[in-house]
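# What the coordinates show
Spelled out from the first residue to the last, the chains are:
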Amino acid sequence: MENTDNKNDLKRGLQNRHIQLIALGGAIGTGLFLGIGPAAVLAGPSVILGYAIAGIIAFFIMRQLGEMVVQEPVSGSFSHFAYKYWGPFPGFASGWNYWMLYILVSMSELTAIGIYVQFWWPEIPLWASSAFFFVVINMLNLASVKVYGEAEFWFSIVKVVAIIAMIIFGGYLLLSGTGGEQATIKNLWNDGGFFPKGWLSANGTGGYEGLLAAMALIMFSFGGLELVGITAAEAENPEKNIPKATNQVIYRILIFYVGALIILFSLSPWKSITDGSSPFVMVFERLNGFQLDFFGQNINFTKLIANVLNVIVLTAALSVYNSSVYSNSRMLYGLAQQGNAPKFLSKLNKNYVPVMAILVSAVFAAICIIINKIIPEQALSILMSLVVSALVINWLMISYTHIKFRKAHQSQKTKFPSFLYPISNYICLFFLAGILIVMWLTGLKMSVELIPIWMLFLYGCYYLIQRKK
């Protein structure tokens, strides 16, 4: 698919800088800034190790998807590959599951946006702020792919600068002693050890089980890394830019997740973290005694940092929702081209944007506003558990489709070979199956039970469509 004026084709309007920051934007969002709270409650400091392990798995899957995308940069991404190399139903199921995944992600991010706004204005209900930003982001995506890419570029720039600044500032507080008596690297092991929680033990303390219990929530953080594959049909020079973005994911995970979390857990005892709001904001808000004398005015710098961090986490949520709107519309566009979605969803406007796909996705994501109106307290936890289920299906299908892809190309060398094939594929499949077992044992049983029901529903839809054809 070339950069052409054919009105049936997407246009290659995403430059290298857009692709790089879109890949990064998928890695830094609500999962890091807000999802870490519930995970920390379950696992304590060992959640740092959990993010490192999940990051390696995410990198394997990114390389597997990257190999397929660089070889065939088309719309629909892994749905196209599942359809071509595995079969019609896997292509149908992976595409619609991905679409549903990012409808749920959109709902989660809109809910998180409301929580962040309440940091300043607790009287504003979740549904109101969700509705406002819902309109703004969808309008951006209706403009053009370049407007989306530019918005995501600046959203991600803000997040990158903020995380780096937080790591530097947090490191200064630790090394200088200005973070208070409670700020010490010993917080990583003092309060119950590095593995303080064990749900199999009699008293619920000590053991590795807390980390296992947190792995499902940790996986939520990495949903969105595969977004770089969706950009293939609209990326300039995908053979060069997509490998570059994919290879940098592992370094970003180590810096932005592991590095930031080491600082976070060192600044304050892990037991002070709750799952009600962003731990990043809470920790800096609780630091005492850090004052700045500015032209004779004594400024509470720590409080200022807490407010700035809340701006950052709000930006992160907006970024992920922005990308969700983009990826969902392109997946629907690809499904329509396959014949697995209504043909009207492939309609492009004068700016080569799949306008109907954006609007249809927006209608379903708007359900979030209703959920936030009815059950604001439980909305985020329910949506996150459903997202993890859809994400596991998504990644399982990517990894297995890649095995099929490689078998079909065994007589030739691909342009961007994946890492440790096929060992990495089997590691990923085993790990993701283990996540489902952990979810079954740790309070997310319904999310696992919904998976076969969801797949049967998808097969029923597929059967009816094929019968009609």
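Reading guide: rules and limits
- Residues numbered from 1 in each chain as written.
- Predicted model: local features only at pLDDT ≥ 70, side-chain atom pairs only at ≥ 80, totals over all residues.
- Heavy atoms only, no water.
- Helix = DSSP H or I, 4+ residues; strand = E, 2+ residues; numbered from the N terminus.
- Buried < 20%, exposed > 50% of the residue type's maximum accessible area, 1.4 Å probe, protein only.
- Contact = heavy atoms within 4.5 Å.
- 1 Å grid on protein atoms, 1.4 Å probe; cavity = no way out; pocket = protein on both sides within 12 Å on 5 of 7 lines; lining within 4 Å.
- Points joined across faces, edges and corners; volume = space filled by probe spheres on them.
- Nonpolar A, V, L, I, M, F, W, Y, C, P; charged D, E, K, R; others polar.
- Salt bridge = Lys/Arg side-chain N within 4 Å of Asp/Glu carboxyl O.
- Phe/Tyr/Trp six-rings, centres within 6.5 Å; stacked < 30°, edge-to-face > 60°.
- pLDDT = per-residue confidence, 0-100.

### Some remarks on the overall build of the chain
Along the chain, the regular secondary structure elements total 19 helices and two strands. A buried classification covers 58% of the 469 residues belonging to the chain. Contacts in the chain between residues far apart in sequence, at least 24 positions, make up 79% of those at least 6 positions apart.

### A closer look at empty space enclosed by the protein
Rolled over the atoms, a probe with the dimensions of a water molecule shows which regions are left empty. The tally for this structure, following the rule as stated, stands at four cavities of 30 Å³ or more. What lines the second largest cavity is Ile-103, Ser-106, Asn-138, Tyr-321, Ser-324, Val-325, Asn-328, Ser-361, Ala-362 and Ala-365. Of all elements in the fold, only helix 6 (88-120), helix 14 (301-338) and helix 15 (355-365) reach the threshold of two or more residues within the lining of the second largest cavity. The element contributing the most residues to the lining of the second largest cavity is helix 14, with four residues. Here the residues of the lining of the second largest cavity sort into five nonpolar, five polar and no charged.

### Quick word on the side chain of Ser-424
Considering the arrangement of structural elements, one finds Ser-424 in helix 18 (residues 423-441). For Ser-424, the contacting residues outside a window of four places in its chain are Phe-60, Gln-64 and Phe-419.

### Details of the pattern of salt bridges
A complete count under the given rule lists two salt bridges for this structure. For Arg-406, the salt bridge identified is with Glu-67, shortest N-O distance 3.3 Å. Placement of the pair is Arg-406 in helix 17 (residues 379-408) and Glu-67 in helix 4 (residues 47-71), with a sequence separation of 339 residues. Among the residues examined, Glu-67 registers a relative accessible area of 0% and is labelled buried. A salt bridge links Glu-72 to Lys-84; its shortest N-O distance comes to 3.2 Å. With Glu-72 in the loop between helix 4 and helix 5 (77-85) and Lys-84 in helix 5, this pair connects stretches of sequence that are twelve residues apart. According to the relative accessible area criterion, Lys-84 is partly exposed, its value standing at 48%.

### Observations regarding helix 5
Listed in full, the buried residues belonging to helix 5 are Ser-77, Phe-78, Ser-79, Phe-81, Ala-82 and Tyr-85. Where helix 5 ends, the next residue or the one after it, Gly-87, has phi of about 155°, a positive value.

### Examining the packing of aromatic side chains
Taken as a whole, this structure holds 20 aromatic pairs when the rule is applied. With 5.8 Å between their ring centres and 20° between their planes, Trp-454 and Phe-457 make a pair best called stacked. Here Phe-457 and Trp-454 lie together in helix 19 (residues 445-468), a separation of three residues that amounts to about one turn. Residue classification places Phe-457 among the partly exposed positions, given a relative accessible area of 49%.

### Structural notes on the confidence of the model for the chain
Taken residue by residue, the chain gives an average pLDDT of 78. The fraction at 70 or more is 78%. Within the chain, helix 18 carries the highest mean pLDDT (90), whereas strand 1 (residues 291-294) carries the lowest (55). Segment residues 1-6 is flagged for pLDDT under 50; beyond a separation of four residues in sequence, or across chains, it makes 13 contacts in the model. The low-confidence segment residues 200-204 (pLDDT under 50) makes five contacts with residues lying over four places distant or belonging to another chain.

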